[in-house]
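# Structural characterization, general
Each chain, written out:
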Number of protein chains: 2
Amino acid sequence: MDITDFLVTKAEMVNQALVNYLPSKDAKPKTLNEAMHYSVLAGGKRLRPILTLTVANSLFNIEEKKVLPAAVAIEFVHNYSLIHDDLPCMDDDDYRRGRLTNHKVFGDAIAVLAGDALLTYAFDLLTELEEDFTPSQVIQVINEVSQGAGYQGMVGGQVADIIAEGKEIGTKDLEYIHNHKTGALLKASVRSGAILGGASGKELTALTTYATNIGLSFQIVDDILDVVGDEEKLGKDIGSDIGRDKATFPSLYGLERSKKLAKENINEAKEVLQIFGDKAKPLFELADYIIARDY
Amino acid sequence: MDITDFLVTKAEMVNQALVNYLPSKDAKPKTLNEAMHYSVLAGGKRLRPILTLTVANSLFNIEEKKVLPAAVAIEFVHNYSLIHDDLPCMDDDDYRRGRLTNHKVFGDAIAVLAGDALLTYAFDLLTELEEDFTPSQVIQVINEVSQGAGYQGMVGGQVADIIAEGKEIGTKDLEYIHNHKTGALLKASVRSGAILGGASGKELTALTTYATNIGLSFQIVDDILDVVGDEEKLGKDIGSDIGRDKATFPSLYGLERSKKLAKENINEAKEVLQIFGDKAKPLFELADYIIARDY
């Protein structure tokens, strides 16, 4: 299989579903609706929903169509977090993916509310899973997403990141930040796919380890790219984290050791997939793909 | 029954539950946790959770203890909305309930994230209803809360309110704003109690009308108090809405007609309760209480 083709196909499926599930273009209030569309349809790798779909479909043979409400809901949660992260009171970023950030186009107030709306709508959407899954599965997925996104997960990591700004922090704190800020929602993406697939306890544990490891690798690679990448590739200001005096993996471990760390995490992610045999090939290659990004 | 005693007793029950359900004082990150506690425990009438509890308990005889996760979740959603509403990019309020607003104490970034965390945690909490109710009831309540809070409801109303600022709007737009900004979550509070109580379609319809009417009355009275009340009573700047050139019921209808409108809405709210007989007494008196606030 060609992982690039695989990812493109899945991303197209996700993009189509995002359009379908966003409120219709005519829904009121227009400004809110436009702000939601603007950020959600601004592109992106769609890594989280692809993970949900791939786990459910490749490992557990669940029709992707049925899993789409979960995949889309998680992408909405991811997009809300980006909109809020970019706000002047947070990272104060003017560009994301080469386009003006939400608040630069719609103003800070609408950006806050567009984020709020996407987060809230995600849970509405998750209830639609009821059509194809047991109520207990639906409730478990709502649990995963809320805990992955909430104070115990993503928001907690974001706060820890803000508090750490300008301070000297150690490798433990840095891992805490990333395991929560990025890792928690990635984990929820993978585990949601597994729950909808009816995974056993052992399978869920393996997939949780997979998710944690690719999550950390992903962040390490992001940090590395922030140092060595070029602006065009990332679509955001290079060195912006360093400019804001944020601790990064390269700043704490150095570039070479960071690369090695990313590689080790990916190896462990691939290792735990073995219990699934050949069915895990897409997830296996997806792990490799994460550290194969140019750096 | 004395409605004031009734409300005090219920509010105490809610306050205790809020403490119990908030993340423990030791939960990390400390700053986020403190910011969540600060706003949630700042007092307030607890009208929304009281409605949920009273509908479920008085009308349908469900133990209040069982309904508390829903009541608390809705109060969390209400508190998140207040934190975000107070932000400098929104209403830019320095005080709420006589205390500094969240962002004045913790900074804008933490305030945004504390709001995000409360909203997200609300959905986590709703899944706890599974212990005492059918999964289908739990999913219905999650639906009510997400739609009441989301772009179709509260957030939609907030956006419409922002867009209307400084513009001349008519009575229809004003009702739209309030039916969404305040009404939608009140409706979700009442309907969630009804769903957990196993209400029939007819009962749910009656209670929806009740909620819509007390919601609108509540807002009209708030607008009136903003004109004639004193700062101490509301704990916020008097005339602040007028200062920001916001349309209000008194500015569109005049004071006397606004009072009459509030009264008419309350009468309709009480009218529809008749199908429940004597069991509806607390909800009946609660409706009266809403327009009995000093003005």
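Residues numbered from 1 in each chain as written. Chains lettered and ligands numbered in written order. Predicted model: local features only at pLDDT ≥ 70, side-chain atom pairs only at ≥ 80, totals over all residues.

### Observations regarding the environment of Gly150(B)
Convention followed: Strands are runs of DSSP state E lasting at least 2 residues, helices are runs of H or I lasting at least 4, and numbering of each runs from the N terminus. Any pair of residues counts as being in contact when their C-beta atoms, constructed from backbone geometry, are within 7 Å of one another.
Residue position: Gly150(B) is located in the loop between α7 (135-149) and α8 (154-164). Each residue touching Gly150(B), except ones within four places of it in the same chain, is listed here: Ala117(A), Thr120(A), Tyr121(A), Asp124(A) and Val155(B).

### A closer look at the interface of chain B and chain A
Threshold: Under this grouping Gly is polar, as are all residues other than the nonpolar Ala, Val, Leu, Ile, Met, Phe, Trp, Tyr, Cys and Pro and the charged Asp, Glu, Lys and Arg.
Of the residues lining the interface, 42 residues belong to chain B; the matching set on chain A comes to 41 residues. If you list the elements that add at least two residues to the side of chain B that touches chain A, you get α2 (30-40), α6 (108-126), α7 and α8 of chain B. It is α6(B) that contributes the most residues to the side of chain B that touches chain A, 12 residues altogether. Among the residues making up the side of chain B that touches chain A, the classes are represented as 26 nonpolar, 11 polar and 5 charged.

### Digging into the packing of helix α9 (residues 171-196) of chain A against helix α10 (residues 201-228) of chain A
Residues and elements named next belong to chain A. Cut-off, in case you're wondering: To obtain an axis, a line is fitted to C-alpha atoms, over the contacting stretch when the element is a helix, and the angle between two such axes runs from 0 to 180 degrees between their N-to-C directions. When describing relative orientation, an angle under 35 degrees is termed roughly parallel and one over 145 degrees roughly antiparallel, while 65 to 115 degrees is termed roughly perpendicular and anything else oblique. Left-handed describes a crossing in which the near helix is turned anticlockwise from the far one by less than a right angle; the clockwise case is right-handed.
Closest axis-to-axis distance for the α9/α10 pair is 8 Å, and the angle between their directions is 140°. Between α9 and α10, the angle falls in the class oblique. In the crossing of α9 with α10, the sense of the turn from one axis to the other is right-handed. Residues Glu175, His178, Asn179, Thr182, Gly183, Leu186, Lys187, Val190, Arg191 and Ala194 of α9 touch α10, and the partners they reach there are Glu203, Leu204, Leu207, Thr208, Tyr210, Ala211, Thr212, Ile214, Gly215, Leu216, Phe218 and Gln219. Residues belonging to the contact of α9 with α10 are distributed by class as follows: 10 nonpolar, 8 polar and 4 charged.

### Side note on helix α3 (residues 47-59) of chain B
Three- or four-residue spacings in an α-helix give side chains the same orientation, since the helix completes a turn every 3.6 residues. Residues and elements named next belong to chain B. Stated formally: Expected span, for any helix, means 1.5 Å times one less than how many residues it has. Exposure is read from a count of other C-beta atoms within 10 Å of each residue's own; the residue is exposed at 12 or fewer, buried at 20 or more and partly exposed in between. C-beta atoms are placed from the backbone.
For α3, with 13 residues, the first-to-last C-alpha span of 17 Å sits near the 18 Å given by 1.5 Å per residue. For α3, a buried count of 13 out of 13 residues is recorded, marking the element as mostly surrounded by other parts of the structure. Asn61 sits one or two residues past α3 and shows a positive phi near 60°.

### Quick notes on the confidence of the model for chain A
Rules: pLDDT measures the predictor's confidence residue by residue and takes values from 0 up to 100.
Here chain A averages 93 in pLDDT, while 94% of its residues score no lower than 70. Here the predicted complex carries an ipTM of 0.94, next to a pTM of 0.94.

### Section: the relation of the copies chain B and chain A
Let me state the cut-off plainly: What sets the superposition is a least-squares fit of C-alpha atoms, and only residues with pLDDT of at least 70 in both copies go into it.
Once chain B has been moved 0.0 Å along the axis and rotated by 180°, it coincides with chain A to within an RMSD of 0.0 Å. Taken together, the rotation and translation relating the two chain copies correspond to the operation of a two-fold axis. Residue Pro135(B) of chain B places its C-alpha closer to the rotation axis than any other residue of that unit, at 2.7 Å. A high fraction, 98%, of the interface residues of chain B reappear at the interface in chain A, so the copies pair face to face through one surface.

### Side note on the packing of helix α4 (residues 64-86) of chain A against helix α6 (residues 108-126) of chain A
A pair of packed helices can be characterised by two numbers: the angle between their axes and the separation between those axes. Residue and element names in this part refer to chain A. Where α4 meets α6, the axes come as close as 8 Å, and the angle between the chain directions of the two elements is 160°. Classified by the angle their axes make, α4 and α6 are roughly antiparallel. Between α4 and α6 lies a crossing whose hand is left-handed. Residue-level inspection shows Pro69, Ala70, Val72, Ala73, Phe76, Val77, Asn79, Tyr80, Ile83 and His84 of α4 in contact with α6, the latter providing Ala111, Val112, Ala114, Gly115, Leu118, Leu119, Tyr121, Ala122, Leu125 and Leu126. Counted by class, the contact of α4 with α6 contains 17 nonpolar, 3 polar and no charged residues.

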